[in-house]
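Each chain, written out:
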2 protein chains.
Amino acid sequence: MKRTLLTFLIFGLALVFSSAKAQTNDLLPSWNEGASKQAIKQFVEAVSTKGESTFVPPAERIAVFDNDGTLWSEQPLYFQLAFALDRVKALAPMHPEWRDQQPFSGVLEGDLTEILAGGEHAVLELILATHANTTTEEFATIVKDWLATAKHPKTGRLYTNMVYQPMLELLAYLRANSFKTFIVSGGGIEFMRPWTEKVYGIPPEQVIGSSIKTKFELRDGMPVLVRLPEINFIDDKAGKPVAINQHIGRRPIAAFGNSDGDLQMLQWVAAGSGERFCLYVHHTDADREWAYDRNSSIGRLDQGFNEAQARGWTIVDMKRDWKVVFPFNE
Amino acid sequence: MKRTLLTFLIFGLALVFSSAKAQTNDLLPSWNEGASKQAIKQFVEAVSTKGESTFVPPAERIAVFDNDGTLWSEQPLYFQLAFALDRVKALAPMHPEWRDQQPFSGVLEGDLTEILAGGEHAVLELILATHANTTTEEFATIVKDWLATAKHPKTGRLYTNMVYQPMLELLAYLRANSFKTFIVSGGGIEFMRPWTEKVYGIPPEQVIGSSIKTKFELRDGMPVLVRLPEINFIDDKAGKPVAINQHIGRRPIAAFGNSDGDLQMLQWVAAGSGERFCLYVHHTDADREWAYDRNSSIGRLDQGFNEAQARGWTIVDMKRDWKVVFPFNE
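Q: Looking at this structure, how should I read the overall build of chain A?
A: Summing up its helical and strand segments, chain A has 12 helices and 8 strands in all. Relative to the globule expectation of 20 Å for 330 residues, the C-alpha radius of gyration of chain A, 22 Å, shows essentially globular dimensions. If one aligns the C-alpha atoms of chain A with their principal axes, the spans along those axes are about 70 × 55 × 40 Å. When contacts within chain A are restricted to residue pairs at least 6 apart in sequence, those whose partners lie at least 24 apart make up 67%. For chain A, the computed accessible surface area is about 14200 Å², with 53% contributed by carbon and sulfur atoms. Charge-centre separation for chain A: the mean point of 34 positive side chains lies 8 Å from the mean point of 40 negative side chains.

As structure tokens, this is what we get:
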């Protein structure tokens, strides 16, 4: 009994010390010292310090993150579009009509001009047409199988390796300070959920995205949810605050994005009372990642850039602020 | 320093012992000993005991609860309908046309025949017509103000007092065993969220319900979400598994309901692999609450009752299984 007691005490002590250490250590080692890192830390300390007028109860420490271009790369194509293109090729033998029908014919001929010109909406349309008519569980398996093997055309890496190391640290830093981290993405909710927990530490119930409709059916007495080729919700621009309200039901206190598609989400978060934090990732690093903003068809940052400057939101200069970009750079 | 260390150790020890005590004490004191209580405890122990083949990792311990008739009463009217009726009366001076228009004229004349005959759908329609055209924040305030003063016609109690004490204990017992508890209700998502955290310990992001559409707007530069008089989603029957998939993104392992409106949710949960638990609350207590099932227009339990019996789901007999019904009975 005495030995058991001692074990308890030592274990408790180890917990106390490791937790104290975690608070004082730099949890953002891939962030260069500078205004961006400083602003993040100041905000987190302000809302986490008991007794301060800026303190926010843990339950209300909600942080929302865009995914494409904010947590992982989105060039030269949204990764979900790369997945969709591979699905078109895989399904083409069963769809001879696709040979004469855009956007499928373009995909099969390797000409993506029409799709790229249409931006995130065109992507969603392609996804709708190619990703329905499976059950939700079948679809999750298809996504996982693809991610296990498909390689990015530039880096040759798995897509789930092309996440931003500084943002992984930021997610973990926020959670270490009792934040609940959510994804709010224009990407497909069921495209993200099979892997976000493993890659970002964000469980499926904290992933919000665009969706197609599903239908409950009994198949030989077994219930399934069938994915229908019909848009349910597009989680982009003014849709983001709507989706945040629908899924979370309270206003986040911090928002992270990289494009004009995130602007309304940042506005919605900024307009709440008390301490607020809004951050844009600005893609400025053509060597280590990509450099693009106002004129890009993917991840355009134009109006949002102006508003961020005018309101004093944090703008991360990827080249200047990030010591490493991808985990495999370390 | 030595004294601080000692304080840490004693504090840690107190935590260890209080937590061990919580596990062995009866956390369901308002449940009579019997098959229902036994089934609940067996299930929770099976999924929580490390090393057992029935063990379920904490992240996957998701439990979903219907609200009306499962967590609080729903007679003689859904409580949200009582709220809606009061809203009709409050708004009537601004809507002279309601005097000649059903269902409003019926409400104003005190004749609810038409509304009751229509069931949960009719309720939702009335809610739509009377609850839109506010911002989400204004609406939350209206709900909170009503709940602070409105009294139940039979008990004279606040509606939020008419929650089931045994179910409050069950929610807490599940959470003490690392379950994440969600509400999945036909009721309005924004009608529930202002009070579920305080009353049930369930935060807004774990509340799923029926909803109307909302729209993001900038009013003099300030973003608001405006509630539109348009159905977004009806979270009833086959809608419940769809909503669970949309909001949670994984299949719960336990489901609790009281009516045929919950049947598909229970089927969906039961059909997953591994340990599963499905429970129906059967309203059998005309003295302490109400007695109704197969022929009730509110909370009809007919097909679901048959299926529960055939599949061996737990059926709570309120009169037999519950020592007390409401917290104010204690």
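Q: Got a minute to help me understand helix H3 (residues 79–91) of chain A in this structure?
A: All names here are of chain A. In this model, H3 (13 residues) spans 18 Å end to end at C-alpha, consistent with the 18 Å of a helix rising 1.5 Å per residue. For H3, the buried fraction is high: 10 of the 13 residues fall into the buried class. Within the sequence span of H3, burial applies to Phe 79, Gln 80, Leu 81, Ala 82, Phe 83, Ala 84, Leu 85, Arg 87, Val 88 and Leu 91.

Q: What am I meant to see in the interface of chain A and chain B here?
A: When the parts of a complex come together, some accessible area is lost, and that lost area is often used as the size of the interface. Every contact between the two is made by 44 residues of chain A and, on the other side, 44 residues of chain B. Of the roughly 3700 Å² buried where chain A meets chain B, counting both sides, 57% is carbon and sulfur surface. Three residues stand out in chain A for area buried against chain B, namely Glu205(A), Phe216(A) and Gln246(A), and they jointly supply 18% of the buried area on that side. On the surface where chain A and chain B come into contact, there are 8 salt bridges.

So, how was this worked out
Residues numbered from 1 in each chain as written. Chains lettered and ligands numbered in written order. Predicted model: local features only at pLDDT ≥ 70, side-chain atom pairs only at ≥ 80, totals over all residues. Heavy atoms only, no water. Helix = DSSP H or I, 4+ residues; strand = E, 2+ residues; numbered from the N terminus. Rg over C-alpha atoms; globule rule 2.2 N^0.38 Å. Contact = heavy atoms within 4.5 Å. Areas by Shrake-Rupley, 256 points an atom, 1.4 Å probe, with all protein chains shown as cover. Lys, Arg positive; Asp, Glu negative; His and termini not counted. Charge placed at Lys NZ, Arg CZ, Asp CG, Glu CD. Expected span 1.5 Å × (residues − 1). Buried < 20%, exposed > 50% of the residue type's maximum accessible area, 1.4 Å probe, protein only. Buried area = accessible area lost by both parts, 1.4 Å probe. Salt bridge = Lys/Arg side-chain N within 4 Å of Asp/Glu carboxyl O.

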